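Next come the chains, spelled out residue by residue.
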Amino acid sequence: MPVPDAPTSGAHLDQPASPGGPVRPSRLDPEIAARLRRTPDGLVAAVVRQHDSGEVLMVAWMDDEALHRTLTTGRATYWSRSRREYWVKGATSGHHQYVRSVALDCDGDAVLVSVDQVGAACHTGQRTCFSTELPVATGEVTS
């Protein structure tokens, strides 16, 4: 399913939201937008997991328009902070994410995107971006 690119009247959808909220119109439902607590650059964290196993696949960033596109197309769409552009997961790699559900956390500063992941989620070619285990000191729980 194609991602709609048509901006709302007078909008410039190639830039993310500004501090304190979007500087440009977004097609995101205003009731949803009002619940978001954005970073100073207008973004919310998107934690992405495999819908059936709960496996955490990756973390990315969304602004209001990326969230709108995700909710209305069923394809995971993010804001690239380094490239300063929207990207649909799998558009160039073929490793698509088909969205099954999206949940907003209690503070409104993150979304949980549950997907059907096709291929690798990580740009390194790994299934998940979280494949490097770090050592953790284990302690016994005492009552």
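Here the residue numbers are simple positions, counted from 1 along each chain's written sequence. Under the rules for a predicted model, residues below a pLDDT of 70 receive no local features and side-chain atom pairs below 80 are neither given nor counted, while totals for whole chains, interfaces and linings still include all residues. For side-chain calculations, the full set of non-hydrogen atoms in the structure is used, while hydrogens and water are omitted.

Re the pairing of strand β1 (residues 44-50)
And then number 1: Most of β1 is tucked away: five of the seven residues are buried.
And then number 2: Between the end of β1 and the start of strand β2 (residues 56-62), which pair antiparallel, lie five residues, with G54 showing a positive phi angle near 80°.
And then number 3: For two strands to be treated as a pair, DSSP must find no fewer than two bridges joining them. What counts as a helix is a DSSP run of H or I of at least four residues, what counts as a strand is a run of E of at least two, and both are numbered from the N terminus. Sheet analysis places β1 next to strand β6 (residues 110-117), joined by six bridges and oriented parallel. The residue of β6 that forms the bridge with V48 is V113. Throughout, exposure labels follow a simple rule: accessible area from a 1.4 Å probe, protein chains only, divided by the maximum for the residue type, with under 20% read as buried, over 50% as exposed, and the rest as partly exposed.

Concerning the confidence of the model for the protein
It should be kept in mind that the predicted coordinates are not to be read in detail where pLDDT is low.
And then number 1: Scored by pLDDT, the protein has a mean of 85; 82% of the residues are at 70 or more.
And then number 2: Per-residue confidence from the predictor is given as pLDDT, running between 0 and 100. Contacts between residues were defined by any pair of non-hydrogen atoms, one from each residue, lying within 4.5 Å. Between residues 1-24, whose pLDDT stays under 50, and residues either more than four places distant or in other chains, the model counts 57 contacts.

Observations regarding the layout of surface pockets
And then number 1: Here the term cavity refers to a set of points on a 1 Å grid, laid over the protein atoms alone, in which a 1.4 Å probe fits but cannot get out; the term pocket refers to an open set having protein on both sides within 12 Å along at least five of seven lines, with lining residues being those that place an atom within 4 Å of a point. Grid points are joined across faces, edges and corners, and a volume is the space filled by probe spheres set on the points. Quantified by volume, the largest pocket comes out at close to 460 Å³.
And then number 2: At the level of secondary structure, the elements contributing two or more residues to the lining of the largest pocket comprise β2, β3 (77-80) and β4 (85-88).
And then number 3: For the lining of the largest pocket, the element with the highest residue contribution is β2, accounting for four residues.

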